[in-house]
Number of protein chains: 2
Amino acid sequence: MALKQTAIQTEARPANTSTLPVDGRCRVVIEGITPQVDGGRFPAKRTAGEVVRVEADIFTDGHDSISAVLRYRHEDMHGWQESPMQPLVNDRWAGEFTVPQLGRYRFTIHAWVDHWETWRHDLAKRIDANTDTPLDYLIGANLMEEAAARAAGEDADWLRKQAHSLRVEQPIEGRRAIAIDPALDEAVTRYPDRRFATEAERELVIVVDPVRAAFGAWYEMFPRSTSVQPGRHGTFADCGARLPYVAEMGFDVVYLPPIHPIGTAFRKGKNNSVNAEPGDTGSPWAIGAAEGGHKAIYSELGAFDDFRRFMDRAAELGLDVALDIAFQVSPDHPYVKEHEEWFRKRPDGSIQYAENPPKKYQDIYPFDFETPDWLELWQELKSVFVFWLEHGVRIFRVDNPHTKSFAFWEWCITELKRDFPDVLFLSEAFTRPKVMYRLAKLGFSQSYTYFPWRNTKYELTSYLTETSQPPVREFFRASQWPNTPDILTAFLQTGNRAAFMIRFLLAATLGANYGIYGPAFELLESRPVRPGSEEYLDSEKYQIRHWDLDRPDSLRHLIATVNQIRHDNDALQNDWSLAFHPVSNDQLLCFSKHSHDGSNLVVVVINLDPNSTQAGMVDLPLDRFAIDEDRPYVAHDLLTGAAYTWSGRRNYVELNPFRTVAHILQLQPHLRAESNLDYFLKP
Amino acid sequence: MALKQTAIQTEARPANTSTLPVDGRCRVVIEGITPQVDGGRFPAKRTAGEVVRVEADIFTDGHDSISAVLRYRHEDMHGWQESPMQPLVNDRWAGEFTVPQLGRYRFTIHAWVDHWETWRHDLAKRIDANTDTPLDYLIGANLMEEAAARAAGEDADWLRKQAHSLRVEQPIEGRRAIAIDPALDEAVTRYPDRRFATEAERELVIVVDPVRAAFGAWYEMFPRSTSVQPGRHGTFADCGARLPYVAEMGFDVVYLPPIHPIGTAFRKGKNNSVNAEPGDTGSPWAIGAAEGGHKAIYSELGAFDDFRRFMDRAAELGLDVALDIAFQVSPDHPYVKEHEEWFRKRPDGSIQYAENPPKKYQDIYPFDFETPDWLELWQELKSVFVFWLEHGVRIFRVDNPHTKSFAFWEWCITELKRDFPDVLFLSEAFTRPKVMYRLAKLGFSQSYTYFPWRNTKYELTSYLTETSQPPVREFFRASQWPNTPDILTAFLQTGNRAAFMIRFLLAATLGANYGIYGPAFELLESRPVRPGSEEYLDSEKYQIRHWDLDRPDSLRHLIATVNQIRHDNDALQNDWSLAFHPVSNDQLLCFSKHSHDGSNLVVVVINLDPNSTQAGMVDLPLDRFAIDEDRPYVAHDLLTGAAYTWSGRRNYVELNPFRTVAHILQLQPHLRAESNLDYFLKP
């Protein structure tokens, strides 16, 4: 870059440095509000029914007391609701509101100098010091009359009566009795003097998603491989027949790669070979053919009726369906003829295919987000989502969103959520950290993460801490995947069954949201296309596979057990409570999660080493768990049913990967010992 | 607080959730800009001549290259200047601009997808892979012709010529030579295609203060006690005669408590007794009498001519003068009669005096910042500053700013700085941390800190790290005071001379800004008014004192030495470079500071224990100091002139508080050893 410092004579904005307020009598300051993403530029995320805890630094000059309320409303409502805020320490205040309704809530804070509270507070000190005078009570009477003027009806009358009684000549004890009556405080506080209230400088937004945005187990499967007959292309009927298998494993979401017609131009063959052979089905991500594009169904899979039956079957089984939306086209896609202007042209008039020099992807045309017809393009892309929303789909896994413009996603997702507030988007952006976070801020409900490549205790602890704590957790919901059709990690390429178990248990317990690409995962598929590659050999991306689901080494029963544990334990349905605990052996990872109210607690210990037995002392914060350090307790293993008697903070754990790689523990008082009987407890 | 959740039917702002941009083709994202205070709500602070380093996360969708420029201007200028930004790692970019001029600068960032750079980058990879085709060069030729259309004159002609030459039929080598010519890149880059540039979402502001805002040693003295004749009230002539004593100690600023007429109503006597006796002079903070208020001079001190001579004398000696501005009045202040409406009335018609029940301060009336005439009050208070600014004063120590409204300060300081950009304000707010920080954000140039009460290594390290690192250092400039007329700490009440030395050395080396209240400090005044109090016995706040400046135990020579070291070493003129280093003994504190360019480095080791010799191993990051770990070097003590030969990271230090409490070290290569000769270095 050879730009020099140059003076550019553009018109600068006026130097608006006037800081004269409309009313200088608003003395309270509100700052440091949480939750807040990038100074309020983006909404924070919650799920329906959650309690939103709002905190802020609130203070005024001098020594006056202040009061503060949280103001909030769903964007569909016009009136604000209010709930009081309470002081914590160090000028920090907190308040709460619940968000039962999907969509967008706004909140702000009003805070004001509370002269009544100042007076009460000072009077108490005067009474203590026996220095209260009739004049002090007259000040109170004035404040009460001001409150009466703001009140109406009986309250007003009663306040005036009380004020008057403070003015009557009487012994100081009589005035004291009137002034310190809690009923008086309550009555005045109902009519606060908010003329000089300060409002927070920016209204903040909370986007409320369905609970499924924060908790769910996904199962990805290729419809093409669902036929029970080897070599035959799977259909939606086959997919439907496969659903009980998925439901029995306890999954919540079944996710299908693109179901649209597949292009034939430059179609890729098996194992991504550049020349397809007759019968090769091509990549489902090479979308579009003469028969249609993103709003069509590949004829081999069936018709819309078949799709509807598949959706119905999934609903019967309690499974949500996620579709893959990949905004790119094959050269055969109808868009290419109908909307040439949406693609970048080369000087020879041909359309620029996807390319990462020197690699060429001639079977894929990307959209040109700098087309002069960008708005038309945006609207068409949005209409693809609307089309499938109208066919009952509510979850979309978005392919490579980071290669489409950020502004498009913010607009598209915001618009879609306005009409379909129950829609969810999973961002498939395996790219640089700030790009992944930006996409989450723009509106994606969930995001793939670097989890596939985080294997050691240090890697898992540091990364999961980052994503489960503020500020990241306010906008980013991790979805942990041990594998995907694009990612067969080195850890899994060992083919070690324990390695698969470890990665599965990590994903399913560290992540309230997780997923696997099956049946490759539960059937321990571990062969890469070539050494050093993370691509699967004979990948379903390019060919039909036939899977023997009943193989005895399948992980399906372990998966079913763990998904059941996830459903039974609220603790595993959030990431926010994740806390790592020390173990004396770096090959053992220990962490806990708890439900929002703390009533459900789960402690997980996982052996990260698939080859050897590992043992160590785990160190648990029993005080935070409300477990008595001085008495034995039971660590009940939800995976195996075993029960271990533990005592104190530090306890021994040993995990042999050839038997089990993890404990999922519930801690319980040792109920059946005689030491629990009353006469033992109270000597 | 008994507020219930209630529905309040106020008019809510419209739910403006449309995120459709003006032009969707602006694909670059700019976020995470630093420096930035509270999302741009407040300016960041710098001093004249500094280089402002701006960083931001800048990225776009996909794989295109991007370019970014920093745009900046002084608010008095209309044209923006630009300097290029450079990528660091992890999508972070950096740029710089200098701020030679006092006042307010604005800056923002423009960033855009750089198709030329993308093309060049991709072409290089194609050439490497030998896959470049004539078509690739035609794309480049088009981009060059677009640049030519933005250019003019010779550049345009030359670019068109080069573009044409790429279109001519020729061997690929010829095209390559033209395309990779650096002169071509430079020419195209001079005319970037910024049609779809993204601008940062908010212009940010830098307030540029005089260098004195960031570096200065203050000396506070009571004019009343400057007479050489015991018992006589000091005058400005006496103050002037005292100045050489202050200048010889190397101070930069002499600060006087209020110089205004002192009220007689409820005047406080010696040691803050409620009844003044005849001859008692009262507190200078009880401002205002029949002879005048905040714009008058106490007659005992002299007249305006005397004040002018004092100012002139200070200027001759290179001393800046700071005045104390305390916005409160005695009952005798002219404001009380002329502007009754600026004060709070009690029901009996009397004016409410200052009070913190059960304590009463009948000699002080606070202003009522909720007066309906708030704007008139604000303007009058601002005019007090303007009055003294017009009398040549440029530094104000503001008394208790946290008991005046925050909005007033933001307005007042911003207004004053517009007309007097060289003015400085020191905030005397010994109060809660968020209040102190808010005042700094609102515009105070410097702030007193909790330093007086930070004694241990842990306390000093944690607090000074907080204030010298972002985000705090962007808006808060600490001024470290070991004592003030209100603060005689327990540490100093021991009367131990070493304790005074320790506190002085800590203040003067940890703090680029620091001050002492003298002569009480250098004369080791240590008697509290009563046990458990931090008030001085026989405080100058209430009476005239006579000081024996020539006492042999005075710290004046140590102070002079240290102030000279501060002036000689840029390293001690900033707080930003402060870094603490491990010592094997918690009674020894070790830290370093360096100049902005790194050429000046100072390492300080202080014994925090005034009673015992302490020794330990200090551990220095020699790699950061560019000192060879494998060769001996000299630690030269600027305080004593001693030179220690050290080697490696860890070296022994011993400090006997009865001899010296600290080392102020410069590290130098061991120049005079034969091992420094060339033939030793290159075996």
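Calculation criteria
Residues numbered from 1 in each chain as written. Chains lettered and ligands numbered in written order. Predicted model: local features only at pLDDT ≥ 70, side-chain atom pairs only at ≥ 80, totals over all residues. Heavy atoms only, no water. Pairing = 2+ DSSP bridges. Helix = DSSP H or I, 4+ residues; strand = E, 2+ residues; numbered from the N terminus. Contact = heavy atoms within 4.5 Å. Axes fitted to C-alpha atoms, helices over the stretch in contact; angles between N-to-C directions. Least-squares fit on C-alpha atoms with pLDDT ≥ 70 in both. Parallel < 35°, antiparallel > 145°, perpendicular 65-115°, else oblique. Left-handed = near helix turned anticlockwise from the far one by under 90°. Nonpolar A, V, L, I, M, F, W, Y, C, P; charged D, E, K, R; others polar. Salt bridge = Lys/Arg side-chain N within 4 Å of Asp/Glu carboxyl O. Buried < 20%, exposed > 50% of the residue type's maximum accessible area, 1.4 Å probe, protein only. Polar contact = N/O pair within 3.5 Å; in protein donor to acceptor, adjacent residues only side chain to side chain. Expected span 1.5 Å × (residues − 1). Arc of directions from axis to C-beta. Buried area = accessible area lost by both parts, 1.4 Å probe. Domains from an automatic or database assignment. Core = buried A, V, L, I, M, F, W, Y, C linked by side-chain atoms within 4.5 Å. Patch = residues over 30% accessible without salt bridge, like charges linked within 9 Å, V, L, I, M, F, W, Y side chains within 5 Å. Areas by Shrake-Rupley, 256 points an atom, 1.4 Å probe, with all protein chains shown as cover. Lys, Arg positive; Asp, Glu negative; His and termini not counted. Charge placed at Lys NZ, Arg CZ, Asp CG, Glu CD. pLDDT = per-residue confidence, 0-100.

Help me out: how do you make sense of the sheet that holds strand 14 (residues 320-325) of chain A in this one?
What holds strands together in a sheet is hydrogen bonding between their backbones, with the strands either parallel or antiparallel. Residue and element names in this part refer to chain A. Reading across from one edge, 22-21-20-19-14-13-12-23 is the order of the 8 strands in this open sheet, with parallel pairing throughout. Edge positions in the sheet fall to strand 22 (478-479) and strand 23 (513-517), since each of these pairs with one other strand and no more. Bridging between strand 12 (residues 216-220) and strand 13 (residues 253-256) involves 3 bridges; their strand directions are parallel. Opposite Tyr 219, over in strand 13, you have Val 254 as the bridge partner. Across the sheet, helix 15 (residues 556-568) is in contact with strand 12 and strand 23; its angle to strand 23 comes to roughly 165 degrees.

Which parts of the structure should I look at to understand the relation of the copies chain A and chain B?
The operation linking the two copies of the chain is a rotation about an axis combined with a translation along the axis. Superposition record for chain A on chain B: RMSD 0.1 Å, screw rotation 180 degrees, translation along axis 0.1 Å. Classification of the inter-copy transformation places it as that of a two-fold axis. If distances are taken from each C-alpha of chain A to the rotation axis, the shortest is found for Gly 39 of chain A, at 2.6 Å. Taken together, the interface assignments show that 100% of the residues at the interface of chain A recur at the interface of chain B, consistent with an identical surface on both copies.

How should I be thinking about the packing of helix 14 (residues 497-510) of chain A against helix 15 of chain A in this particular structure?
All names here are of chain A. In contact at an axis separation of 11 Å, helix 14 and helix 15 are set at 15 degrees when each is read in the N-to-C sense. For the element pair helix 14 / helix 15, the angle class is roughly parallel. In this structure, helix 14 crosses over helix 15, and the sense of that crossing is right-handed. Residues Met 501, Phe 504, Leu 505 and Ala 508 of helix 14 form the contact with helix 15, whose own contacting residues are Leu 558, Ile 559, Val 562 and Arg 566. When grouped by side-chain class, the residues that make up the contact of helix 14 with helix 15 number 7 nonpolar, no polar and 1 charged.

Hey, could you run me through the pattern of salt bridges in this one?
A side chain with one charge may pair with a side chain of the opposite charge, provided their charged atoms come close. Across all of its chains, the model carries 112 salt bridges over all chains by this definition. Note that Arg 27 of chain B is salt-bridged to Asp 61 of chain B, the shortest N-O span being 3.0 Å. Of this pair, Arg 27 of chain B sits in the loop between strand 1 (6-8) and strand 2 (28-34) while Asp 61 of chain B is found in the loop between strand 4 (50-60) and strand 5 (66-74), placing the two residues 34 residues apart along the sequence. Here Arg 27 of chain B matches Asp 61 of chain B in class, with each residue buried. Ionic pairing is found between Arg 527 of chain B and Glu 525 of chain B, a salt bridge with its closest N-O pair at 2.7 Å. In this structure Arg 527 of chain B comes out as partly exposed when scored by relative accessible area, which is 37%. Each of Arg 53, Glu 55, Asp 57 and Arg 92 of chain A together with Lys 434 of chain B takes part in one network of salt bridges that share partners.

What is the right way to read the sheet that holds strand 14 (residues 320-325) of chain B from this model?
Residues and elements named next belong to chain B. In space, the 8 strands of this open sheet follow the order 22-21-20-19-14-13-12-23, with parallel pairing throughout. Edge positions in the sheet fall to strand 22 (478-479) and strand 23 (513-517), since each of these pairs with one other strand and no more. Bridge count between strand 21 (residues 446-448) and strand 22: 2 bridges; the pairing is parallel. When the sheet's bridge partners are listed, Ser 447 is paired in strand 22 with Ala 478.

I tried to follow the side chain of Glu 474 of chain A on my own but got confused; where do I start?
Residue and element names in this part refer to chain A. Of note, Glu 474 is situated in the loop between helix 12 (457-468) and strand 22. Of note is the side chain of Glu 474, whose polar atom sits 2.9 Å from the side chain of Arg 46. Those residues within four positions of Glu 474 in sequence are excluded, and the remaining contacts are Pro 35, Val 37, Ala 44, Lys 45, Arg 46 and Trp 576.

It is not clear to me how helix 3 (residues 153-167) of chain B should be interpreted in this structure. Could you clarify?
Since the α-helix turns once every 3.6 residues, residues separated by three or four places project in the same direction. Residues and elements named next belong to chain B. The end-to-end C-alpha distance of helix 3 is 22 Å, a good match for the 21 Å that 15 residues give at a rise of 1.5 Å each. What helix 3 keeps buried is the set Ala 156, Leu 159, Gln 162, Ala 163 and Leu 166. Along the axis of helix 3, the buried residues cluster in a sector spanning 130 degrees; they form a single face. Exposed positions of helix 3 whose direction lies more than 90 degrees from the buried face are Glu 154, Lys 161 and His 164. Looking at the buried side of helix 3, the elements it contacts are helix 2 (134-150), helix 4 (172-179) and helix 5 (182-189).

I'm lost on the interface of chain A and chain B in this one. Help?
It is common to give the size of an interface as the accessible area that goes away when the parts come together. In this complex, chain A contributes 109 residues to the contact, which on the side of chain B involves 109 residues. For the pair chain A and chain B, the summed buried surface comes to about 9,300 Å²; carbon and sulfur atoms form 54% of the total. Across the contact surface, chain A and chain B share 14 salt bridges. Residue Arg 438 of chain B is joined to Glu 31 of chain A by a salt bridge in which the shortest nitrogen-to-oxygen separation is 2.8 Å. Connecting chain A to chain B are 26 residue pairs in polar contact (both at pLDDT 80 or more). Across the side of chain A that touches chain B, the residue classes break down as 40 nonpolar, 30 polar and 39 charged.

Would you take a moment to explain the domain arrangement of chain A for this structure?
Parsing chain A into structural domains produces domain 1 (25-114 + 199-208), domain 2 (123-189), domain 3 (218-572) and domain 4 (577-680). Placing a centre on the C-alpha atoms of domain 2 of chain A and another on those of domain 4 of chain A gives a separation of 57 Å.

When you look at the nonpolar core in this model, what are you seeing that I'm missing?
Grouped burial of nonpolar side chains is what soluble globular proteins tend to show. Ranked by internal contacts, the top residues of the largest apolar core, which has 162 residues, are Ile 58, Phe 385, Trp 388 and Phe 396 of chain A. Here this core gets 11 residues from one element, more than from any other, and that element is helix 14 of chain A. One finds Trp 285, Ala 322, Ala 507 and Ala 508 of chain B within the second-largest nonpolar core, a separate group that totals 160 residues.

Would you mind showing me how to read the side chain of Ser 479 of chain A here?
All names here are of chain A. Turning to its location among the elements, Ser 479 is positioned in strand 22. Within polar-contact distance, the side chain of Ser 479 engages the side chain of Trp 481 at 2.8 Å. Dropping the residues within four chain positions of it, Ser 479 is found in contact with Leu 426, Gln 446, Ser 447, Tyr 448, Thr 449, Asn 513 and Tyr 514.

Looking at this structure, how should I read a negative patch on the surface?
Where like charges cluster on the molecular surface, the negative patch consists of Asp 623, Asp 628, Glu 629 and Asp 630 of chain A. Counting through the fold element by element, Asp 623 of chain A comes out in the loop between strand 27 (614-619) and strand 28 (633-637).

When you look at the confidence of the model for chain A in this model, what are you seeing that I'm missing?
If pLDDT is low for a region, its predicted coordinates should not be looked at in detail. All names here are of chain A. On average, residues of chain A score 94 in pLDDT, and 95% of them are at 70 or above. In the predicted structure, residues 1-16 sits below a pLDDT of 50 and forms 42 contacts with residues beyond four places in sequence or in another chain. Quick note on the complex model: pTM equals 0.94, ipTM equals 0.94.

Which parts of the structure should I look at to understand the environment of Ile 516 of chain B?
Residues and elements named next belong to chain B. Summarising the element assignment, Ile 516 is placed in strand 23. Taking the C-alpha atoms as reference points, Ile 516 and Thr 484, separated by 32 residues in sequence, lie 6.7 Å from one another. Excluding anything up to four places from it in sequence, Ile 516 contacts Trp 218, Tyr 219, Glu 220, Phe 251, Trp 481, Pro 482, Asn 483, Phe 504, Phe 521, Glu 522 and Ile 559.

Can you walk me through helix 1 (residues 115-129) of chain B in this structure?
The end-to-end C-alpha distance of helix 1 of chain B, which contains 15 residues, comes to 21 Å, matching closely the 21 Å that a straight helix rising 1.5 Å per residue would cover. Residues of helix 1 of chain B that are buried include every one of His 115, Trp 116, Thr 118, Trp 119, Asp 122, Leu 123, Arg 126 and Ile 127 of chain B, and no others. Taken end-on, helix 1 of chain B shows its buried residues confined to a sector of 160 degrees, consistent with a single buried face. Considering only its buried residues, helix 1 of chain B is in contact with strand 16 (354-356) of chain A together with strand 9 (103-113), helix 2, helix 4 and helix 5 of chain B. The N-cap residue of helix 1 of chain B is Asp 114 of chain B: its side-chain oxygen and the backbone nitrogen of Trp 116 of chain B are 3.2 Å apart. Directly beyond the C-terminal end of helix 1 of chain B, a positive phi value near 60 degrees is found at Asn 130 of chain B.

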